[in-house]
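Structure assessment
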Amino acid sequence: MEFLTAIEVEIELVIHHSRRLRNIVVKRLELPGLSFRVTPDSTIGGCPIEALDISPKASHPDGSPRYDLLNFRLRTKLDCSYFQRGQKVLVDRIIAVCDTFTTKIN
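Treat the numbers as computed from the prediction; the structure is a model and nothing was measured. (Residues numbered from 1 in each chain as written. Predicted model: local features only at pLDDT ≥ 70, side-chain atom pairs only at ≥ 80, totals over all residues. Heavy atoms only, no water.)

Some thoughts on the nonpolar core
Counting residues in each nonpolar core, the largest one holds 18 residues, and the members touching the most others are Ile24, Val26, Ile44, Phe72, Phe83 and Val91. Mapped onto this core, the elements with two or more residues apiece are β1 (2-15), β2 (23-28), β3 (35-44), β4 (47-52), β5 (69-74) and β6 (88-97). If you tally residues by element for this core, the top one is β1, at 4 residues. Once residues lying within four places of it in the same chain are set aside, the contact partners of Phe72 are Arg22, Asn23, Ile24, Val26, Phe36, Val38, Ile44, Ile49, Ala51, Leu52 and Val91. (Core = buried A, V, L, I, M, F, W, Y, C linked by side-chain atoms within 4.5 Å. Buried < 20%, exposed > 50% of the residue type's maximum accessible area, 1.4 Å probe, protein only. Helix = DSSP H or I, 4+ residues; strand = E, 2+ residues; numbered from the N terminus. Contact = heavy atoms within 4.5 Å.)

Thoughts on the pattern of salt bridges
By the definition in use, this model includes 8 salt bridges. With a shortest N-O distance of 3.0 Å, Glu2 and Arg37 are connected by a salt bridge. Placement of Glu2 in strand β1 and of Arg37 in strand β3 is noted, with a sequence separation of 35 residues between them. For Arg22, the salt bridge is made with Glu50, and the minimal N-O distance between the two is 2.9 Å. With a gap of 28 residues between them, Arg22 in the loop between β1 and β2 and Glu50 in strand β4 connect regions that are remote in the sequence. Overall, the relative accessible area of 36% leaves Glu50 in the partly exposed class. Three or more residues are tied together by salt bridges with common partners; here these are Glu12, Arg66, Asp68 and Arg85. (Salt bridge = Lys/Arg side-chain N within 4 Å of Asp/Glu carboxyl O.)

Description of the sheet that holds β5
The strand order β1-β2-β5-β4-β3-β6 describes a closed barrel built from 6 strands, whose pairing is antiparallel. Within this sheet the neighbouring strands show an average axis-to-axis angle of 50 degrees, counted without direction. In this structure, β4 lies alongside β5, joined through 3 bridges in antiparallel fashion. Following the sheet pairing, Ile49 is matched in β5 by Leu74. (Pairing = 2+ DSSP bridges. Axes fitted to C-alpha atoms, helices over the stretch in contact; angles between N-to-C directions.)

A word on the pairing of β3
By the bridge criterion, 6 bridges tie β3 to β6 in an arrangement that is antiparallel. Bridge pairing in β6 places Val38 opposite Ile94. Across 2 bridges, β3 lies against β4 in antiparallel orientation. Of the residues in β4, the one forming a bridge with Thr43 is Pro48. Two successive antiparallel strands, β3 and β4, enclose a turn made up of 2 residues, where Gly45 displays a positive phi of approximately 55 degrees.

Examining the packing of aromatic side chains
One pass over the structure, following the stated rule, counts 1 aromatic pair. Centre to centre, the rings of Phe36 and Phe72 are 6.4 Å apart; their planes meet at 20 degrees, and the pair counts as stacked. Here Phe72 lies in strand β5 and Phe36 lies in strand β3, a separation of 36 residues in the sequence. No difference in accessibility class separates Phe36 from Phe72, as the two residues are buried. (Phe/Tyr/Trp six-rings, centres within 6.5 Å; stacked < 30°, edge-to-face > 60°.)

Written out as structure tokens, the structure is:
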């Protein structure tokens, strides 16, 4: 099953040091196990996304890998100036993919 949705994320890193880099690395705050793909209309914090890039290679202080990070490439490098570390934003208009939808209640 596929459906259009949005997820809340927290900005971890803004990468815009060279002419071609315009990436936002984020930590998922909800629906961590959900697979999804971007659409031509997908946005992060209202700014258009060009692609979901390869996941960043990062680790926790204990050396274990971090699987909670996503790496989005913005369409426009100037949009990088709208983001700062710790900021919470929505990734909107993404297609979520799941076989069965279940809710876990603690």
